[in-house]
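A structural walkthrough
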Amino acid sequence: MNALPSSVPAPALLGMRGVCKRFDNVVALADVALDVHRGEVHAICGENGAGKSTLMKILSGVQAPDQGEIHIDGQPARIDSLARAQAMGIVMIHQELNLVPHLTVAENIWLGREPRRGWFVDRERQRDGARACLARLGADIDPDVLVTTLPIAQRQLVEIAKALSLQARLLIMDEPTSSLGEADAARLLQVVRELRREGVAILYISHRLDELGAIADRVTVLRDGHHIATRRWADTSIDEIVSLMVGRELDQQFPPATRRPGADLLLRVRGLHRRGVFGPLDFELRRGEILGFAGLIGAGRTETARALFGADPVDGGEIALGERLLRIRCPRDAIEAGLAYVSEDRKAHGLAVAMSVAHNITMANLAALTRGPGVIDAARERQTAERFIEQLQIRTPSPDQIARLLSGGNQQKVVIAKWLFRQARVIVFDEPTRGIDVGARYALYALMDQLAAQGVGVVLISSDLPEIFGLTDRIAVFRQGRIAGVLDTRGSSQQDVMRLASVGPASLSLAPDAAPDTGSP
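Description of the structure in this document. (Residues numbered from 1 in each chain as written. Predicted model: local features only at pLDDT ≥ 70, side-chain atom pairs only at ≥ 80, totals over all residues. Heavy atoms only, no water.)

**Brief notes about the overall build of the chain**
Tallying secondary structure elements over the chain gives 17 helices and 22 strands in all. Its C-alpha radius of gyration of 24 Å places the chain within 12% of the 24 Å reference for a compact globule of 521 residues. With respect to the three principal axes, the spread of C-alpha positions in the chain is 80 × 55 × 50 Å. Sequence-distant contacts in the chain: of pairs separated by 6 or more residues, those separated by 24 or more amount to 66%. Total accessible area on the chain is roughly 23,100 Å²; 49% of this is exposed by carbon and sulfur atoms. (Helix = DSSP H or I, 4+ residues; strand = E, 2+ residues; numbered from the N terminus. Rg over C-alpha atoms; globule rule 2.2 N^0.38 Å. Contact = heavy atoms within 4.5 Å. Areas by Shrake-Rupley, 256 points an atom, 1.4 Å probe, with all protein chains shown as cover.)

Below you can see the structure in the form of structure tokens.
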């Protein structure tokens, strides 16, 4: 084959024209166009429900378009299955992980492509190949451990390693750093740069616009299923992208605080511990306060939250709500006491994905909807669901929509609506903005502030330090299963938090109301 003259540009690796997709009466995509070139990182931005994930599912063979054309290397292509997409070198890393929990890391990475020795799987080659893919990400994960034993951040790395093992020509990354800490996210971005240098084309979906600035060559913005604009990243700004995404100017990242934390204690934790996991922990939450849990991945923040909610057992300690000492043996005990937990893994622990939006919103407080013994008032349930759908601006065609069909951000809103309907007194938000767009994120921030202003105690677990500093009143910094110190947000810096999280309290003079290792105010 003769090489093309240098004056003739090579065709785009991917070309999409006039792509349309409708679900019942909802238009997901309308006449969308997209081009991606070899060795390019092309960012896709838009609010939840803008059509990003639908467009990527069409490209990866998960869904079929109603109309439109797809070209690969300038030639018409029909992508009617996941296997066909992979055969063309198109691989997608989904926001919601697609791993088999009861298989090992190595088995997941090579699932369906197992190396063989005769009739048998070559386990040694399988492990070595998995180890090489993980090493490329700088991930220290044993290939022989079961995926179900890994925290969500490490599962994300396994998913990425699985995609890398396919040696994709076009790699689609849907919120790949949403569950990663700063170190893991930085390593991933370096991998993206290396892949770009090797000529791999990358479609990168992220709500973290600041990270896109480090890797993106171009950005395409979608809104309400329509192509709004494509820009060279160097020729635009984050403010312009946000404006294109939401269709209006967004003046600030965080809403002004309206809450006034009280002096009286709402939640008091003393000596809470689980051997080999965390503790002993002491901390307090005041009425109307937002308390941040900061720290590196694996420091014990989520484990502490799950223990408070009764999802995991503890070996000792006390939890008091107001003056009442609680006995929490299971989530039911926590819910009845007035505690709520918005899990970082909404799909596994926050939603009944096969049930309707209405059923998910009301399931934690069915007693408020009963009409006679065991009979649920369907009209009141629907009215309740419609009220929260409007309040939280949940994008769904109706309260009857199955929860798994919503975008990730809208699923998160459904989980939050469930606890708002329950009228919980303390709500723990664990990485609540994971996979949520900038407009919806602002609305969620305002909601947290409103809850605190009404006297609800809020705990915010976040790996995003600007989020922690933009929302909280105090910050409990976790390190190796302990609380290294509690900082007053207004008098502290991100560097103070990172010092406590990485090396402990010895290197830092703590705020007057914080004590090393106890977290007692």
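Here the narrative resumes.
**Some words on the nonpolar core**
Counting 82 residues, the largest nonpolar core has I361 and F429 as the members making the most contacts within it. Aside from chain neighbours lying at most four places away, what touches I361 is A385, F388, I389, I394, V414, A417, K418 and F421. Among the nonpolar cores identified, the runner-up in size contains 51 residues, and A130, C133, A153 and L189 belong to it. (Core = buried A, V, L, I, M, F, W, Y, C linked by side-chain atoms within 4.5 Å. Buried < 20%, exposed > 50% of the residue type's maximum accessible area, 1.4 Å probe, protein only.)

**Description of the pairing of strand 6 (residues 90–93)**
Burial along strand 6 is two-sided: I90 and M92 and V91 and I93, pointing in opposite directions, are all buried. Two strands pair when backbone bridges link them, and strand 6 and strand 9 (residues 170–174) are joined in this way by 4 bridges, in the parallel orientation. In the sheet register, I90 faces strand 9, and the bridge partner there is L170. (Pairing = 2+ DSSP bridges.)

**Remarks on the sheet that holds strand 9**
In space, the 6 strands of this open sheet follow the order 6-9-10-3-11-12, with mixed pairing throughout. The strands lining the two open edges of the sheet, one partner per strand, are strand 6 and strand 12 (226–232). Averaged over all pairs of adjacent strands, the angle between their axes in this sheet comes to 15°, without regard to strand direction. In the packing of helix 5 (residues 152–165) onto the sheet, the strands contacted are strand 6 and strand 9, and the crossing angle to strand 6 comes to about 180°. Strands in contact with helix 6 (residues 182–197) are strand 3 (41–45), strand 9 and strand 10 (201–205); relative to strand 10, the strand with the most contacts, it is inclined by about 150°. (Axes fitted to C-alpha atoms, helices over the stretch in contact; angles between N-to-C directions.)

**Brief notes about the environment of R332**
Positionally, R332 belongs in helix 10 (residues 331–337). Exposure remark for R332: the relative accessible area of 59% places this residue in the exposed category. With 32 residues separating them in the primary sequence, R332 and A364 have C-alpha atoms 9.4 Å apart.

**Observations regarding the environment of A201**
Considering the arrangement of structural elements, one finds A201 in strand 10. Along the sequence, A201 and N48 sit 153 residues apart, while their C-alpha atoms lie 24 Å from each other.

**Brief notes about the sheet that holds strand 18 (residues 339–342)**
Reading across the sheet, the 6 strands line up as 18-19-20-15-21-22 and stay open at both edges, with mixed pairing between neighbours. Each end of this open sheet is capped by a strand with a single partner; those strands are strand 18 and strand 22 (482–488). Recorded for the sheet is a direction-independent mean angle of 20° between the axes of neighbouring strands. Across the sheet, helix 14 (residues 408–422) is in contact with strand 18 and strand 19 (426–430); its angle to strand 18 comes to roughly 180°.

**What about the environment of V314?**
Inspection of the secondary structure puts V314 in the loop between helix 9 (301–308) and strand 16 (316–321). Judged by its relative accessible area of 34%, V314 falls in the partly exposed class. C-alpha separation for the pair V314 and G279, spaced 35 residues apart in sequence, amounts to 9.8 Å. Among residues more than four places away in sequence, those in contact with V314 are L272, H273, R274, F278 and A307.

**Points about the packing of aromatic side chains**
Within this structure, the stated rule accounts for 6 aromatic pairs. Between F309 and Y341 the ring centres are 5.9 Å apart and the planes differ by 50°, which places this aromatic pair in the tilted class. Placement of the pair is F309 in the loop between helix 9 and strand 16 and Y341 in strand 18, with a sequence separation of 32 residues. Residue F309 is classed as buried on the basis of its relative accessible area of 10%. Using a relative accessible area of 7% as the deciding quantity, one classes Y341 as buried. Between F309 and W419 the ring centres are 5.9 Å apart and the planes differ by 80°, which places this aromatic pair in the edge-to-face class. (Phe/Tyr/Trp six-rings, centres within 6.5 Å; stacked < 30°, edge-to-face > 60°.)

**Digging into the pairing of strand 14 (residues 278–286)**
Within a regular strand, the side chains alternate between the two sheet faces. Here strand 13 (residues 265–274) runs beside strand 14; their pairing, made up of 6 bridges, is antiparallel. Directly across from R274, in strand 14, lies its bridge partner F278.

**Re the side chain of K21**
Within the fold, K21 resides in strand 1 (residues 14–23). Apart from the residues within four sequence positions on either side, K21 is in contact with V26, V27, A28, L29, T54, I58, A64, P65 and D66.

**Some thoughts on unusual backbone geometry**
Residue P280 is reached from G279 by a cis peptide bond, and omega for that bond is 5°. At Q393, a residue that is not glycine, the phi angle is positive and equals roughly 55°. Structurally, Q393 can be placed in the loop between helix 13 (378–391) and helix 14. For Q393, a relative accessible area of 57% corresponds to the exposed category. The backbone phi angle of E431 is positive, close to 45°, even though this residue is not glycine.

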